[in-house]
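Listed below, chain by chain, are the residues.
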Amino acid sequence: MRSLIKVGMADLKVTKNPGVLTTLGLGSCIGICLYDPISKVAGMAHIMLPDSTAIRNNANPAKFADTAMVIMLDDMVKNGAVKSRLVGKIAGGAQMFSFSSKNDMMKIGERNAEAVRSLLREFKIPLKADDTGGNFGRTIEFDSDNGALLIKTIGHGIKEL
Amino acid sequence: MSDYFDRVNNNVVLDVLKEIGNIGAGNAATALAKMINKKVDMTVPKVNIMDFATVPEMLGGEETEVCGIFFKIEGDMDGTIMFVLSSVSAHTLINLLMPGMGTGEFDDFSLSALQEIGNILSGSYISSLSMLTGLNIQISIPSLAVDMAGAILSVPAIQFGLIGDKILIIENDFIEEMGGESVQGYFFLIPDIDSYEIMFKSLGIEI
């Protein structure tokens, strides 16, 4: 029986087979999905900003890529995952509104994606799939049975990574 | 800064924001009435400071299709303003403006009309704020997106995310009096951190 576990904005969850993690309507945020194919432990974080050290208000670790990654890894290991076996998939990081100016806040999706990729490299977690960018929202479902990532959009189709 | 919205979340500040919302939305309703050449009524706006996670529910859930019309604010204070409405409300609005055009599908024509409605509403809102504060504030050209509520709202949520875990929303109901059709619109006024202080200071409030 598949149970759908919802991950909210600035939130993270870890589950074991047969749990399915989902986050709805990702825009500029990133869904970071980590998976251990042997223990079938899966984790998902819905991060909003790249770096907790750049912000004074950093009380919620799940809001930032750097702190969310550390907590999620820890939680996954507690649930039986082995760090060296983990693989990663990421989605989101869109630019919902376009402006011609160089305003950094407008490019937050891109900056989020870059930060997450460099964190994965740092933790030596291979990035198996990357569906980021564009100007549209994504709903994602991450299956702990096989590590498949389903991506649904409005007007840009459905795909499985 | 972690207690920023705790400090903002007191009655005086909320009353001021509500009053800005009231006057701004009143002007917006007048502008809308002129545009559609009908009497438009407006309920007293609701000012809410909410958790991020609960915001999309107001619009029917994270995956509900909504329209967001987004502007940068420039001048004596910087920030952004976004006007969001459900696609259903957007079609009602297009129909009020151009009877027969709000067919349930967005085409280039209806999208550009919507962009212009957003422009007029946000413009009147910002000019009220400018008058109340005495600050010189302008808005940029609009940028429109039709997508999932969660995705559209991630933009103001991230900007508010820089100063706290809450988000400030002003909800307006516009009602066209003859037909009784109602349009719910939501304004997200997001001054940059420093501009928040400038805005309140110009209104004579210390926070």
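What counts and how
Residues numbered from 1 in each chain as written. Chains lettered and ligands numbered in written order. Predicted model: local features only at pLDDT ≥ 70, side-chain atom pairs only at ≥ 80, totals over all residues. Heavy atoms only, no water. Helix = DSSP H or I, 4+ residues; strand = E, 2+ residues; numbered from the N terminus. Buried < 20%, exposed > 50% of the residue type's maximum accessible area, 1.4 Å probe, protein only. Contact = heavy atoms within 4.5 Å. Salt bridge = Lys/Arg side-chain N within 4 Å of Asp/Glu carboxyl O. Phe/Tyr/Trp six-rings, centres within 6.5 Å; stacked < 30°, edge-to-face > 60°. Buried area = accessible area lost by both parts, 1.4 Å probe. 1 Å grid on protein atoms, 1.4 Å probe; cavity = no way out; pocket = protein on both sides within 12 Å on 5 of 7 lines; lining within 4 Å. Points joined across faces, edges and corners; volume = space filled by probe spheres on them. Nonpolar A, V, L, I, M, F, W, Y, C, P; charged D, E, K, R; others polar. Pairing = 2+ DSSP bridges. Axes fitted to C-alpha atoms, helices over the stretch in contact; angles between N-to-C directions. Core = buried A, V, L, I, M, F, W, Y, C linked by side-chain atoms within 4.5 Å.

A. Representation of the overall build of chain B within the structure. Secondary structure assignment for chain B yields seven helices and eight strands. Oriented by its inertia axes, the alpha-carbon framework of chain B measures out at about 50 × 35 × 30 Å. By the burial criterion, 56% of the 207 residues in chain B qualify as buried. Considering only residue pairs separated by 6 or more positions, chain B has 73% of its internal contacts joining residues 24 or more positions apart.

B. Representation of the pattern of salt bridges within the structure. All names here are of chain A. This model, assessed by the stated rule, comprises nine salt bridges over all chains. Lysine 78 is the salt-bridge partner of aspartate 74, the closest N and O atoms lying 3.6 Å from each other. Placement of both aspartate 74 and lysine 78 in helix α1 (residues 65-78) is noted, with a separation of four residues, approximately one turn of the helix. The class for aspartate 74 is partly exposed, based on a relative accessible area of 42%. Judged by its relative accessible area of 67%, lysine 78 is exposed. Of the charged contacts, one joins glutamate 141 and lysine 152 as a salt bridge, the two residues approaching to 3.1 Å between their closest N and O atoms. One end of the pair, glutamate 141, is in strand β8 (residues 138-143); the other, lysine 152, is in strand β9 (residues 149-152), with 11 residues separating them in the sequence.

C. View of the packing of aromatic side chains. Residue and element names in this part refer to chain B. Using the criterion set out here, one finds four aromatic pairs over all chains in the structure. Note on tyrosine 125 and phenylalanine 187: the rings are 4.6 Å apart at their centroids and 45 degrees apart in plane angle, and the pair reads as tilted. Residue tyrosine 125 is located in helix α5 (residues 108-133), and its partner phenylalanine 187 is located in strand β8 (residues 182-191); the two are separated by 62 residues in the primary sequence. Each of the two residues, tyrosine 125 as well as phenylalanine 187, counts as buried. Members of the aromatic cluster, connected to one another through ring pairs, are Phe83, Tyr125 and Phe187.

D. Expanded view of the interface of chain A and chain B. Of the residues lining the interface, 33 residues belong to chain A; the matching set on chain B comes to 32 residues. Taking both partners together, chain A and chain B bury about 2700 Å²; carbon and sulfur atoms supply 69% of that area. By the criterion of area lost to chain B, the three top residues of chain A are Phe97(A), Phe99(A) and Ile154(A), representing 26% of everything that side buries. The interface formed by chain A and chain B includes one salt bridge.

E. Just the layout of surface pockets, in detail. Considered as a void within the structure, the second largest pocket measures approximately 190 Å³ in volume. Looking at the second largest pocket, it is lined by 13 residues, and the ones nearest its centre are Asn135(A), Phe136(A), His156(A), Val146(B) and Asp147(B). Looking at side-chain class alone, the lining of the second largest pocket contains seven nonpolar, five polar and one charged residues.

F. Layout of the sheet that holds strand β4 (residues 30-36) of chain A. Residues and elements named next belong to chain A. Read from one edge to the other, the open sheet built from five strands follows the order β2-β5-β4-β6-β7, with strand pairing classed as mixed. Both outer strands of the open sheet, β2 (11-16) and β7 (127-132), are each paired with one neighbouring strand and no more. Neighbour-to-neighbour, the strand axes of the sheet open up by a mean angle of 10 degrees, direction not taken into account. Here seven bridges tie β4 to strand β5 (residues 41-47), and the two strands are oriented antiparallel to one another. Counterpart to isoleucine 30 in the pairing with β5 is isoleucine 47. Relative to the sheet, α1 contacts β2, β4 and β5, its axis offset from that of β5 by approximately 160 degrees. Sheet strands in contact with helix α2 (residues 108-122) are β4, β5, β6 (87-92) and β7, and its direction is about 20 degrees off that of β4.

G. Here's a closer look at the sheet that holds strand β10 (residues 158-160) of chain A. All names here are of chain A. Taken together, the five strands give an open sheet; going across it, the order is β1-β3-β8-β9-β10, and neighbouring strands pair in mixed fashion. At either margin of the open sheet sits one strand with a lone partner, and together these are β1 (3-6) and β10. Direction aside, neighbouring strands of the sheet carry axes that sit 20 degrees apart on average. Where β8 lies against β9, four bridges are found, and the strand directions are antiparallel. Following the sheet pairing, phenylalanine 142 is matched in β9 by leucine 149.

H. Structural detail: the nonpolar core. Met48(A), Phe97(A), Ile167(B), Phe174(B) and Phe188(B) are the most contacted members of the largest nonpolar core, which totals 96 residues. With 11 residues, the top contributor of residues to this core is helix α2 (residues 11-36) of chain B. Not counting residues within four places of it along the chain, the set of residues in contact with Ile167(B) comprises Asn48(B), Ile49(B), Met50(B), Asp51(B), Phe52(B), Val55(B), Pro156(B), Ala157(B), Phe160(B) and Phe188(B). Counting residues in hydrophobic clusters, the runner-up holds 23 residues, among them Ala65(A), Ile90(A), Leu119(A) and Leu120(A).

I. Expanded view of unusual backbone geometry. Residues and elements named next belong to chain A. Omega for the bond connecting asparagine 17 with proline 18 falls within 30 degrees of zero, at 10 degrees, which places this linkage in the cis form. Non-glycine residue lysine 124 carries a positive phi angle of around 55 degrees. The residue lysine 124 is located in the loop between α2 and β7 in this model. Lysine 124 sits in the exposed class, given a relative accessible area of 71%.

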